[in-house]
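The residues making up each chain are set out below.
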Amino acid sequence: MLSCDICGETVTSEPDMKAHLLIVHMENEVVCPFCKLSGVNYDEMCFHIETAHFEENELERNFERINTVQYGTSDNREDNTLQCRSEVNSSIHSACASNHPKISTQSLPKGGTLKHSAFYSEDLTGSRKFLKSKEKECDLSKIKGSIYETMYSPPECPFCGKIEDCSQDMETHVKTKHANLLDTPLEDCDQPLYDCPMCGLVCTHYHILQEHVNLHLEESNFGQGMDRIQCSRDLELAHQLQEEEDRKRRSAESRQEMEEFQKLQRQYGLDNSGGYKQQQLRNMEIEVNKGRMHPSEFHRRKADMMESLAIGIDDGKTKTSGIIEALCRYYQNAATDVRRVWLSAVVDHFHSSFGDKGWGCGYRNFQMLLSSLLQNDAYDDCLKGMSVPCIPKIQSMIEDAWKEGFDPQGASQLNNRLQGTKAWIGACEVYTLLTSLRVKYVPKNPSSCHSRTVVGIEEKKNRTLCLLIFDPGCPSREMQKLLKQDMEASSLKQLRKFVGNLKHKQYQIVAVEGVLSSEEKVVSF
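Residues numbered from 1 in each chain as written. Predicted model: local features only at pLDDT ≥ 70, side-chain atom pairs only at ≥ 80, totals over all residues. Heavy atoms only, no water.

**Here's the deal with helix α15 (residues 427–436)**
- Burial of α15 is extensive: 8 of the 10 residues sit out of reach of the surface.
- For α15, the full list of buried residues reads Ala427, Glu429, Val430, Thr432, Leu433, Leu434, Thr435 and Ser436.
- Positive phi shows up at Arg438, right after α15, with a value of about 65 degrees. (Buried < 20%, exposed > 50% of the residue type's maximum accessible area, 1.4 Å probe, protein only. Helix = DSSP H or I, 4+ residues; strand = E, 2+ residues; numbered from the N terminus.)

Written as structure tokens, this is what we have:
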């Protein structure tokens, strides 16, 4: 029977002992035979035994060098022969060294055997008591001596197979010849020690240290590789999140732009909701439904509108004439607070109707301007035979001017179409139309604000200036109050616009300066 020097387990043969050492102590967890310490590797366990259990180790080596004592009786009870077996135990270093990770079982000599076992102190004490009791009964002092003489087996080196006379000689041999395989070489040995720069482990051989450090590096490279993989995944996830955020932002911006564009389309009458005719009919139907217009009045106005659209001439239902003449009389007779006044030529006022309310101010101001030019003999040649057109006719005239090549950029912005829409017009469109009619027109400071027609300027006695304007938003019933003979100063309130009340930084000024020749008209393209 062979007993393991590390854990005390008993096996029947040397191959079994080799298998036990390989499986239990080289692959599985190592347990201290003195204090049951576990959870450390083999090198750390050997260092622990050498430093923490030195006295127990010495006691174990010196106690009679007997590891296993077996007593038995033969099948023949009459022959009570004491059968004993003793084996010599080398030091813990020798026993543990046989299980060093760097030495495999194949490195042992063929003739070598592992015959090392250890008892715990309690097992040895029990053996001593047993021997003493037997000595009292059968005087075994002589038998004990014969056991040492007949059964003693000299210790054998587990590394090279050399046989020594005693355990001390074997220990000296192992520490001297095989010090590089032990964790703690002899103190008087000049062999250098090598410290691991990464974990501080002390190695007795440079090649062992190199292999140990390589393991550290492999582990570090593996960890760095995992970190790189994780970092790559994190970057990919961050990129995906950023792309998703950008996509949502672009979608929100696109949606906002579309909403603003649709708002502008509705504001400027480009939302395909119909033009002058559709709005006129729709608003008159609303008036009928609310009881503010009789159905017969609805049909009469509808017939007048259709006739006006057919001939392209404004029906004059929103026109108020004679205001400039009434203003001249007022300033000559009743304007006591006015120092001086400048009035334009005769101008008719046109206000918005059901068909163009909210978007037709540009067209109505053009009608006012044209009404003044038609009464001026200087423009008879270029405006020969014209009357004040209705709004749909004005839209058609601007489209014809675009077709002639005037203002291609403005035409593109309005999709080359005005008829059937509620699109606003401003200085550029009026410029295009007047130029096509050979009227010399100078636009200044373009603006998309609500437009009005300036018909005069007042200078108060305190030398403050005040504009006199015709607003297309002012209905005819208010403008007709200016036609009374006893016009009061309060009636002019709707015409006056003091400079201090101008809210915008810049305004459009319409200036007509004569007639264009044919050559000048061509240059104006």
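**Looking at the confidence of the model for the protein chain**
- This prediction gives the protein chain a mean pLDDT of 76; 73% of its residues lie at or above 70.
- The weakest mean pLDDT in the protein chain belongs to helix α4 (residues 92–97) at 36; the strongest belongs to strand β7 (residues 349–350) at 96.
- Predicted confidence for residues 64–132 stays below pLDDT 50, and this span has 149 contacts to residues more than four positions away or in other chains.
- Residue range residues 184–188 is modelled with pLDDT below 50. Its contacts to residues more than four positions away, or to other chains, number 8 contacts. (pLDDT = per-residue confidence, 0-100. Contact = heavy atoms within 4.5 Å.)

**Notes on the sheet that holds strand β9 (residues 453–460)**
- Taken in spatial order, the 4 strands make up an open sheet running β6-β9-β10-β11, and their pairing is antiparallel. At either margin of the open sheet sits one strand with a lone partner, and together these are β6 (338–343) and β11 (496–498). Strand-to-strand, the axes of this sheet are offset by a mean angle of 30 degrees, without reference to chain direction.
- As paired elements, strand β10 (residues 465–470) and β11 share 3 bridges and run antiparallel to each other. Within β11, the position partnered with Leu468 by the bridge is Arg496.
- The strands touched by helix α11 (residues 323–333) within the sheet are β6, β9, β10 and β11, with β6 carrying the most contacts at an inclination of about 160 degrees. (Pairing = 2+ DSSP bridges. Axes fitted to C-alpha atoms, helices over the stretch in contact; angles between N-to-C directions.)

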